[in-house]
Amino acid sequence: RDDRLHLAPALGGALGGCAPPEPPLRLGSIVFPGYEFVFLAREKGWLDERQVRLIELLSNTDALRALASGQLEAAMLTLDEMLSAQADGLDLCAVLILDVSAGADAVLAHPPLTLKELAGRRIAVEDSAGGAIMLSALLAAAGLRIEQVRKESFTLDRSIEFYRERRVDFIISVEPWVSQLERLGARRIFDSARIPGRIVDVLAVRRGVLDSHADAVRQLVAAHFRALAHWRSQPEEAQRLLAARLRLGPSEVSTAYKGLEMLDVADNRAWMQRDGQLTRVLQELQPAMQQDALLQRAFGLAEVADSSFLPPGR
């Protein structure tokens, strides 16, 4: 299967006067535990690839660029990244809240370095809204300004390379690389558990395709929840299937999810209702992003999320 990102060639004329079928919804995703259940669904045959095509990318920055250029219709993103893109004119809508980070995003150091020794040191961080939020929180915890550290830009897939080659002193990374770095001896000095509700992952879709690809979006959301339920009811088989993409041993997969709160259908309905948790997160997150110059204006709940694509029921 060719899952590399490319522009599909233009379709020729309709045969026999019939309109051609709608092309599949293209969903971009990096390797991250909270994003993996659609890939598990594909592995189990629960994802109709005539409707949805999964595109594997190296960074969420790549996903945002592909969304902006029309090469993707949807992507797995952090909420702050989606909001920043909206402020820049990319009309996105969260149709699913995937997870809340509670330790899956972390800052790791070469021993014996600690948070107290951050000043003047090299820090690897991805050039993304999520990376900026973690860096800002880290600096606040250390009582430092950005000018007092040496920022080194990188992409998350290079976390192990940067650590092994000692290119930096500290690395801001996410699972599954956090677990791999800790196995190599890296020391966790700060993580997203210290900033609850600041890093939330969503399935974002370009609002302009919600009507034309409505069935594909519903099928994708349903497949995610089916795979999530399978992971909870049949953990051993699910962990075995998840292990290959996460590059972890099957027994290590559960560790990668310890820092994530995965949201089910009921959680999503509660979060997306008026005055629900998503509203509270937006009220706390957006002012913080504006203060850090990551967001030009704030958005209301109706501009951010649409719960109509969730499976029916409670």
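One can find the structure itself at the top, above this paragraph.
Definitions and cut-offs
Residues numbered from 1 in each chain as written. Predicted model: local features only at pLDDT ≥ 70, side-chain atom pairs only at ≥ 80, totals over all residues. Heavy atoms only, no water. Phe/Tyr/Trp six-rings, centres within 6.5 Å; stacked < 30°, edge-to-face > 60°. Helix = DSSP H or I, 4+ residues; strand = E, 2+ residues; numbered from the N terminus. Buried < 20%, exposed > 50% of the residue type's maximum accessible area, 1.4 Å probe, protein only. Core = buried A, V, L, I, M, F, W, Y, C linked by side-chain atoms within 4.5 Å. Salt bridge = Lys/Arg side-chain N within 4 Å of Asp/Glu carboxyl O. Axes fitted to C-alpha atoms, helices over the stretch in contact; angles between N-to-C directions. Parallel < 35°, antiparallel > 145°, perpendicular 65-115°, else oblique. Left-handed = near helix turned anticlockwise from the far one by under 90°. Contact = heavy atoms within 4.5 Å. Nonpolar A, V, L, I, M, F, W, Y, C, P; charged D, E, K, R; others polar. Pairing = 2+ DSSP bridges.

Undergrad: Can you walk me through the packing of aromatic side chains in this structure?
TA: Each pair of aromatic rings is reported with the distance of its centres and the angle of its planes. All told, the structure shown has 5 aromatic pairs when counted by the stated rule. Seen in terms of ring centroids, F37 and Y257 are 5.7 Å apart; in terms of plane orientation they differ by 50 degrees. Their pairing is tilted. Of this pair, F37 sits in helix α1 (residues 37–44) while Y257 sits in the loop between α9 (250–256) and β11 (260–262), and the two are 220 residues apart along the sequence. Residue class for Y257 comes out buried when judged on its relative accessible area of 5%. Arranged with centres 4.8 Å apart and planes meeting at 45 degrees, the rings of W231 and Y257 form a pair that is tilted.

Undergrad: Please explain the nonpolar core as it appears in this structure.
TA: Within the largest apolar cluster, 64 residues are counted, with the highest numbers of intra-cluster contacts made by F37, V95, L203 and Y257. The greatest single-element share of this core, amounting to 10 residues, is contributed by helix α7 (residues 214–233). Residues L67, L115, I199 and V202 belong to the second largest nonpolar core, which totals 54 residues.

Undergrad: Honestly, the pattern of salt bridges in this entry has me stumped. Any pointers?
TA: Should their charged atoms come close, side chains of opposite charge can pair. All told, the structure shown has 21 salt bridges when counted by the stated rule. With a closest N to O distance of 3.0 Å, R188 and E182 form a salt bridge. On the basis of relative accessibility, which here comes to 31%, the residue R188 falls in the partly exposed class. What makes E182 partly exposed here is its relative accessible area of 31%. For R297, the salt bridge goes to E303, with nearest N and O atoms at 3.2 Å. What makes R297 partly exposed here is its relative accessible area of 42%. Here E303 falls in the partly exposed class, since its relative accessible area comes to 32%. Among the ionic contacts, a cluster of salt bridges with common partners joins E36, R42, E56 and R245.

Undergrad: Just checking my understanding: could you explain the packing of helix α3 (residues 79–87) against helix α4 (residues 129–142) for this structure?
TA: In contact at an axis separation of 8 Å, α3 and α4 are set at 120 degrees when each is read in the N-to-C sense. Taken together, α3 and α4 sit at an angle that is classed as oblique. Handedness of the α3/α4 crossing: right-handed. From α3, D80, E81 and S84 reach across to α4, where they touch A129, G130 and I133. Of the residues that constitute the contact of α3 with α4, the class distribution is 2 nonpolar, 2 polar and 2 charged.

Undergrad: Would you explain the side chain of E36 in this entry?
TA: For E36, the position within the fold is in the loop between β1 (25–29) and α1. Residues in contact with E36, not counting those within four places in the same chain, are I30, V31, L242, R245, L246 and Y257.

Undergrad: Would you take a moment to explain the sheet that holds strand β10 (residues 200–206) for this structure?
TA: Strands belonging to one sheet form pairs held by backbone hydrogen bonds; the direction of such a pair is parallel or antiparallel. Ordered in space as β2-β1-β3-β10-β4-β11, the 6 strands form an open sheet in which the pairing is mixed. Two strands bound the open sheet, and with one partner strand each, they are β2 (52–56) and β11. Averaged over all pairs of adjacent strands, the angle between their axes in this sheet comes to 30 degrees, without regard to strand direction. Across 2 bridges, the pairing between β1 and strand β3 (residues 74–78) is parallel.

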